[in-house]
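The lines below spell out each chain.
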Amino acid sequence: MSPTPMKLLTVVAEAALERRLTADLAALGARGWTIVEAHGHGRHGDADGDMLGGGNIRMEVVAPPAVVDAVVTHLRDVYFEHWGMIVFTHDVDVVRSEKFKG
Amino acid sequence: MSPTPMKLLTVVAEAALERRLTADLAALGARGWTIVEAHGHGRHGDADGDMLGGGNIRMEVVAPPAVVDAVVTHLRDVYFEHWGMIVFTHDVDVVRSEKFKG
Amino acid sequence: MSPTPMKLLTVVAEAALERRLTADLAALGARGWTIVEAHGHGRHGDADGDMLGGGNIRMEVVAPPAVVDAVVTHLRDVYFEHWGMIVFTHDVDVVRSEKFKG
């Protein structure tokens, strides 16, 4: 057992943004992400009257803290003013093989 | 980067409960939630012989601790005796815009 | 409110592995799991050139630390060399009924 401390970033956004967001992730150094279809309801960010209704995606990215920080700053600067988006992070222990640990 | 500490509440329940649960969430002060379709298996709560099989939902709610506590108490008091339900919480850092931070 | 500290294990894997993985979970003492369909992208484990593309599952297991440790060791020993797989854990507070707490 050699868990590696990393950050998990979760982003809930409109499904229409998927291609833009995954391109952003790759450009900012994330090496992988997981996406599930979601629906829900919410008011978030500056666009306080916006509703996150049907047709959302829930993206998860496991990455080192510096990569997650860069993605978070980018999301806030580029999307928060005009798009409803839920963004949160927390620490996780990532399981790697012995060979690639460290 | 101005993360706001909040609680993430995750609830796995039968899909048939979705409308009741989202009404409960709104009534108890949650401002948003994210739902994905799920399936699985489990025995939980008092209904120890119940199975959570196909046709489930996985709901996430990000909210202040007091709101999450109220929802948790409500779920336990109203649903646990008769419904299979998985409920857990953990801390998250929520990313807000600079304008709305604090 | 009597939360029980447990571990949440998240596994993202090819959907073709679902039956094998749930059999492993049951054999190693997990009493329940939640599965959602997912897609994504990633390079993980020893199979560094492998891509986790479409047709994935995201499995969650809430269990005591000893059970999660056993599952993690098994996944690493059996799957990591030949399958792309994302595996991470973190602590959660599980809500149980008063009757079954402890």
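On a predicted model such as this, the values are computed, not experimentally measured, just so you know.

Scanning chain A for helices and strands turns up two helices and four strands. Considering chain A as a whole, with its 102 residues, one finds that 54% of them fall into the buried category. Restricting the contact set of chain A to residue pairs at least 6 apart, pairs at least 24 apart contribute 77%. A total accessible area of about 4,300 Å² is found for chain A, and carbon and sulfur atoms account for 53% of it.

Attention now goes to the environment of leucine 28 of chain A. Structurally, leucine 28 of chain A can be placed in the loop between α1 (18–27) and β2 (33–41). When near neighbours in sequence (up to four residues on either side) are disregarded, leucine 28 of chain A contacts Val67, Ala70, Val71 and His74 of chain A.

Bringing the pattern of salt bridges into the picture now. Applying the stated criterion across every chain yields a total of nine salt bridges over all chains. Among the ionic pairs, lysine 7 of chain A bridges to aspartate 91 of chain A, the shortest N-O distance being 3.0 Å. With a gap of 84 residues between them, lysine 7 of chain A in strand β1 (residues 4–14) and aspartate 91 of chain A in strand β4 (residues 86–94) connect regions that are remote in the sequence. Arginine 58 of chain A is the salt-bridge partner of glutamate 60 of chain A, the closest N and O atoms lying 3.0 Å from each other. Connected through shared salt-bridge partners, Arg58 and Glu60 of chain A, Arg58 and Glu60 of chain B together with Arg58 and Glu60 of chain C make up one network.

Strand direction decides the pairing type here: β2 of chain A and strand β2 (residues 33–41) of chain B, joined by three bridges, are antiparallel. Residue pairing across strands places histidine 39 of chain A opposite isoleucine 35 of chain B, the latter belonging to β2 of chain B.

Next up on the list: the environment of arginine 96 of chain B. Residues and elements named next belong to chain B. Examined against the element boundaries, arginine 96 turns out to sit in the segment after β4 (86–94). With a relative accessible area of 25%, arginine 96 lands in the partly exposed category. Expressed as a C-alpha distance, the spacing of arginine 96 and methionine 59, which sit 37 residues apart in the sequence, is 21 Å.

Our next topic: the confidence of the model for chain A. Detail in the predicted coordinates should be disregarded across regions flagged by low pLDDT. Residues and elements named next belong to chain A. For chain A, the mean per-residue pLDDT works out to 85, and 80% of the residues sit at or above 70. By mean pLDDT, the top-scoring element of chain A is helix α2 (residues 65–78) (97), and the lowest-scoring one is β2 (93). Counting contacts from residues 44–50, a segment whose pLDDT is below 50, to residues more than four positions away or on other chains yields 17 contacts. As a predicted assembly, this complex carries a pTM of 0.88 together with an ipTM value of 0.84.

Let us now look at helix α2 (residues 65–78) of chain C. Residues and elements named next belong to chain C. Along its 14 residues, α2 runs 20 Å from first to last C-alpha, staying within 8% of the 20 Å computed at 1.5 Å per residue. Among the residues of α2, Val67, Val68, Val71, Val72, Leu75 and Arg76 are the ones counted as buried. Taken around the axis of α2, the buried residues stretch over an arc of 160 degrees, which confines them to a single face. Exposed side chains of α2 directed beyond 90 degrees from the buried face belong to Ala66 and Asp77.

Before going further, it helps to examine the environment of aspartate 91 of chain A. Between the C-alpha atoms of aspartate 91 of chain A and arginine 58 of chain A, which are 33 residues apart in sequence, the distance is 18 Å. Excluding its chain neighbours within four sequence positions, the residues that come into contact with aspartate 91 of chain A are Met6 and Lys7 of chain A together with His90 of chain C. At 3.0 Å, the side chain of aspartate 91 of chain A and the side chain of lysine 7 of chain A are in polar contact.

What follows deals with the side chain of asparagine 56 of chain B. Residue and element names in this part refer to chain B. Relative to the elements of secondary structure, asparagine 56 occurs in strand β3 (residues 56–63). Since its relative accessible area comes to 3%, asparagine 56 is described here as buried. The residues contacting asparagine 56, other than those within four sequence positions of it, are Val12, Ala13, Glu14, Ala15, Val36, Glu37, Ala38, His39 and Gly40.

So, about the pairing of β3 of chain B. Looking along a regular strand, one sees the side chains alternate between the two faces of the sheet. Residue and element names in this part refer to chain B. The buried fraction of β3 is high, at eight of eight residues. The two faces of β3 match: Asn56, Arg58, Glu60 and Val62 on one face and Ile57, Met59, Val61 and Ala63 on the other face are all buried. Relative to β3, β2 runs antiparallel, the two sharing five bridges. Paired with isoleucine 35 across the two strands is methionine 59, which belongs to β3.

Reading the values: rules and limits
Residues numbered from 1 in each chain as written. Chains lettered and ligands numbered in written order. Predicted model: local features only at pLDDT ≥ 70, side-chain atom pairs only at ≥ 80, totals over all residues. Heavy atoms only, no water. Helix = DSSP H or I, 4+ residues; strand = E, 2+ residues; numbered from the N terminus. Buried < 20%, exposed > 50% of the residue type's maximum accessible area, 1.4 Å probe, protein only. Contact = heavy atoms within 4.5 Å. Areas by Shrake-Rupley, 256 points an atom, 1.4 Å probe, with all protein chains shown as cover. Salt bridge = Lys/Arg side-chain N within 4 Å of Asp/Glu carboxyl O. Pairing = 2+ DSSP bridges. pLDDT = per-residue confidence, 0-100. Expected span 1.5 Å × (residues − 1). Arc of directions from axis to C-beta. Polar contact = N/O pair within 3.5 Å; in protein donor to acceptor, adjacent residues only side chain to side chain.

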